Amino acid sequence: MTMRRADKSKNGGYTLIEEPSEKSLRAGKIDRTRAARGQIFDQLLEDVVSLRLKPGELVSVKDLATRFGVSRSPVREAIIRLTNAGLMEIYPQSGTRVAPIRMNVVRQIYFVRTAIETALVEALADAPLPEQIEALRGIIDQQAKCADDGNLERFYSVDERFHQTIADYAGFPHVWETIDGQKPQMDRLRHLVLPQPSRLREIIAEHTAIVAAIELRDAAGARQTMAHHLQQVLTLQGVLHEKHPDYFE
């Protein structure tokens, strides 16, 4: 099975290039006791966010149906949902491709996330419990182990838990759902950032500073360190764009 990649031509159009799909797609595993459409959506979303399906890559409904062992209908439904989320684009003449990373969209999402997460960390710093501080430091220790092991996927998962736990401890667990619904657009950028030299250790240091400010009940300091932490992804945009120009629009 092959996948096609769309590369921009000089006239602004797209040239289709055949390449093996195994580079970006894992074997699909569908639980036959559950509805297929939701599982297909979740797996394709993970492929897009983790960059196994790269920006600009063309996907085939037929090939995906074969991958998952289903008819084309649930695959089309999943693609429509991803299109509505701004992660895929459907072109009648050339098929469906993964949407490029659009920094104007990512910046707006980061603006909202920063406003929410700085408020959350400020609220937690008002009256943190010792066991909460201990739990957050335990999560950071897990991240350090992931960094030592070079396990980027696990590091990313634990990083998510750190931020969600702050929302939970601040007393606003459902606020994270608001952030989580917008995250796929910015998470692709985060997956490009993690492999950057020294970034894993920088994240651990930033998380450590956030927890230290919370423990001291320094609400202003916690807010400032969280804002600094979240903005680091955007500061690397130029480096990432230079390294992966085809991924951006």
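Keep in mind it's a predicted model, so treat the numbers as computed, not measured. (Residues numbered from 1 in each chain as written. Predicted model: local features only at pLDDT ≥ 70, side-chain atom pairs only at ≥ 80, totals over all residues. Heavy atoms only, no water.)

**Student:** Any chance you could explain the pattern of salt bridges here in plain terms?
**Tutor:** Close approach of charged atoms allows side chains with opposite charge to pair. If you walk through the whole model with that rule in mind, you get 20 salt bridges. In this structure, the salt-bridge partner of Arg52 is Glu153, at a minimum N-O distance of 3.5 Å. With Arg52 in the loop between helix H1 (36-49) and strand S3 (57-59) and Glu153 in helix H6 (residues 152-169), this pair connects stretches of sequence that are 101 residues apart. Across the pair Glu202 and Arg199 runs a salt bridge whose closest N-O atoms are separated by 3.2 Å. Residue Glu202 and its partner Arg199 are located together in helix H8 (residues 199-215), separated by three residues, close to a single helical turn. For Arg199, a relative accessible area of 3% translates into the label buried. (Salt bridge = Lys/Arg side-chain N within 4 Å of Asp/Glu carboxyl O. Helix = DSSP H or I, 4+ residues; strand = E, 2+ residues; numbered from the N terminus. Buried < 20%, exposed > 50% of the residue type's maximum accessible area, 1.4 Å probe, protein only.)

**Student:** Looking at this model, I keep getting lost on the packing of H1 against helix H7 (residues 175-193). Mind explaining?
**Tutor:** Each pair of packed helices gets described by two things: the angle between the helix axes and the distance between those axes. Between H1 and H7, the least distance of the axes is 8 Å, while the angle of their chain directions is 45°. Taken together, the axis directions place H1 and H7 in an arrangement best described as oblique. Seen from H1, the contacting residues are Leu45, Val48 and Val49; seen from H7, they are Pro184, Asp187, Arg188 and His191. Classifying every residue of the contact of H1 with H7 gives four nonpolar, one polar and two charged. (Axes fitted to C-alpha atoms, helices over the stretch in contact; angles between N-to-C directions. Parallel < 35°, antiparallel > 145°, perpendicular 65-115°, else oblique. Contact = heavy atoms within 4.5 Å. Nonpolar A, V, L, I, M, F, W, Y, C, P; charged D, E, K, R; others polar.)

**Student:** When you look at the nonpolar core in this model, what are you seeing that I'm missing?
**Tutor:** The nonpolar side chains of soluble globular proteins are, as a tendency, buried together. Grouped together as the largest cluster of nonpolar side chains are 69 residues, with contacts concentrated most on Ile40 and Ile166. It is helix H4 (residues 103-126) that contributes the most residues to this core, nine residues altogether. (Core = buried A, V, L, I, M, F, W, Y, C linked by side-chain atoms within 4.5 Å.)

**Student:** Would you explain the confidence of the model for the protein chain in this entry?
**Tutor:** Interpretation of this model should avoid reading the predicted coordinates in detail wherever pLDDT is low. Looking at the protein chain, the pLDDT average stands at 88 and 88% of residues meet or exceed 70. The low-confidence segment residues 1-25, where pLDDT is below 50, has 69 contacts with residues more than four positions distant or belonging to other chains. (pLDDT = per-residue confidence, 0-100.)

**Student:** Any chance you could explain the side chain of Arg97 here in plain terms?
**Tutor:** For Arg97, the location among the structural elements is in strand S5 (residues 95-98). Classification of Arg97 by relative accessible area gives buried; the value is 4%. Among the polar contacts made by the side chain of Arg97, one reaches the side chain of Glu89 at a distance of 2.8 Å. (Polar contact = N/O pair within 3.5 Å; in protein donor to acceptor, adjacent residues only side chain to side chain.)

**Student:** Help me out: how do you make sense of the pairing of S5 in this one?
**Tutor:** Regular strands show a simple pattern: their side chains alternate between the two faces of the sheet. Judged from the two bridges that link them, S3 and S5 form a sheet pairing that is antiparallel. Looking at the pairing, Leu58 lines up with Arg97 of S5. Remark: three residues form the turn of the hairpin made by strand S4 (residues 88-91) and S5, two consecutive strands paired antiparallel. (Pairing = 2+ DSSP bridges.)

**Student:** I would appreciate a short explanation of the packing of H6 against H7 in the present structure.
**Tutor:** Across the interface, H6 lies against H7 with an axial gap of 13 Å and an inter-helix angle of 150°. The angle between the axes of H6 and H7 places the two elements in the roughly antiparallel class. Like other packed secondary-structure pairs, H6 and H7 cross with a definite hand, here right-handed. Residues Tyr156, Asp159, Glu160, His163, Gln164 and Ala167 of H6 form the contact with H7, whose own contacting residues are Trp176, Asp180, Lys183, Asp187, Arg190 and His191. Classifying every residue of the contact of H6 with H7 gives three nonpolar, three polar and six charged. (Left-handed = near helix turned anticlockwise from the far one by under 90°.)

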